[in-house]
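Chain by chain, the residues:
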Amino acid sequence: LDEQDLNFLKVQPINSAHRLNVLNLLALDAYQKTHYAEAVHYWEELLAQFPSDSEDAKMLLAMIKQGQQHLADAATHAVKVLVKVVVPTKLQTTL
């Protein structure tokens with residue numbers, strides 16, 4: 001989705017009959033753009049709209065879990081990069 005589409009979707013009324021579709025579109029767009037925290041937020045909002053034992057809820061939980069895994073992987077990668085950057089050059093050459 002482009003910026004204009006996103007802005008339009010984000011201002012749709014909460015009570016809109018199409019709110020579930022809007023939330024799903026926003027979540028999928030965020031996920032595709034690797035904005036995993038945003039995608040998880042939208043999916044969690046969607047999850048509240050379904051019975052916990054429904055197929056929709058199970059699918060949303062799986063998507064939330066996948067988004068959270070991407071966030072955890074990114075955090076792990078960021079820590080590794082930080083550690084490498086923090087190590088002084090003199091020590092790196094002796095390792």
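Preceding this section is the structure that the text describes.
Residues numbered from 1 in each chain as written. Predicted model: local features only at pLDDT ≥ 70, side-chain atom pairs only at ≥ 80, totals over all residues. Heavy atoms only, no water.

How do you make sense of the nonpolar core when you look at a structure like this?
Inside soluble globular proteins, nonpolar side chains tend to come together where they are buried. Among the nonpolar cores identified, the biggest contains 17 residues, and Leu26, Tyr31, Ala39, Tyr42, Trp43 and Leu46 are the most heavily contacted of them. For this core, the elements supplying multiple residues, two or more each, are helix H1 (3–10), helix H2 (19–32), helix H3 (36–47) and helix H4 (55–86). What Leu46 contacts, discounting residues up to four positions off in sequence, is Leu20, Leu23, Asn24 and Leu60. (Core = buried A, V, L, I, M, F, W, Y, C linked by side-chain atoms within 4.5 Å. Buried < 20%, exposed > 50% of the residue type's maximum accessible area, 1.4 Å probe, protein only. Helix = DSSP H or I, 4+ residues; strand = E, 2+ residues; numbered from the N terminus. Contact = heavy atoms within 4.5 Å.)

Quick question: what am I supposed to make of the packing of H1 against H2 here?
Two numbers describe a pair of packed helices, the interaxial angle and the distance between the axes. Relative to each other, H1 and H2 sit at 140°, their axes nearing to 10 Å. Regarding the angle of H1 to H2, the classification is oblique. Here H1 runs over H2; the crossing is left-handed. Residues Leu6, Leu9 and Lys10 of H1 touch H2, and the partners they reach there are Arg19, Val22, Leu25, Leu26 and Asp29. Partitioned by chemical class, the residues of the contact of H1 with H2 number five nonpolar, no polar and three charged. (Axes fitted to C-alpha atoms, helices over the stretch in contact; angles between N-to-C directions. Parallel < 35°, antiparallel > 145°, perpendicular 65-115°, else oblique. Left-handed = near helix turned anticlockwise from the far one by under 90°. Nonpolar A, V, L, I, M, F, W, Y, C, P; charged D, E, K, R; others polar.)

What should I look at first to understand the packing of aromatic side chains in this one?
To describe a pair of aromatic rings, one takes the distance between the centres and the angle between the planes. Scanning the model with the defined rule gives two aromatic pairs in all. Ring centres of Tyr31 and Tyr36 lie 5.2 Å apart, and the angle between their planes is 70°; this geometry places the pair in the edge-to-face category. One exposure class covers both Tyr31 and Tyr36, and it is buried. Judged by centre distance (5.6 Å) and plane angle (50°), the ring pair of Tyr31 and Trp43 falls under tilted. A residue pair is termed long-range when its members are at least 10 positions apart, and Tyr31 in helix H2 and Trp43 in helix H3 qualify at twelve residues. (Phe/Tyr/Trp six-rings, centres within 6.5 Å; stacked < 30°, edge-to-face > 60°.)

Looking at this model, I keep getting lost on H3. Mind explaining?
Two residues of an α-helix separated by three or four positions point the same way, owing to the 3.6 residues in each turn. Counted at 1.5 Å a residue, the expected span for H3 with its twelve residues is 16 Å, and the 16 Å between its end C-alpha atoms agrees. Listed as buried for H3 are Tyr36, Ala39, Val40, Tyr42, Trp43 and Leu46. In an axial view of H3, the angular spread of the buried residues amounts to 165°, which keeps them on one side of the axis. (Expected span 1.5 Å × (residues − 1). Arc of directions from axis to C-beta.)

Geometric descriptors of this kind do not, in isolation, establish any biological role.
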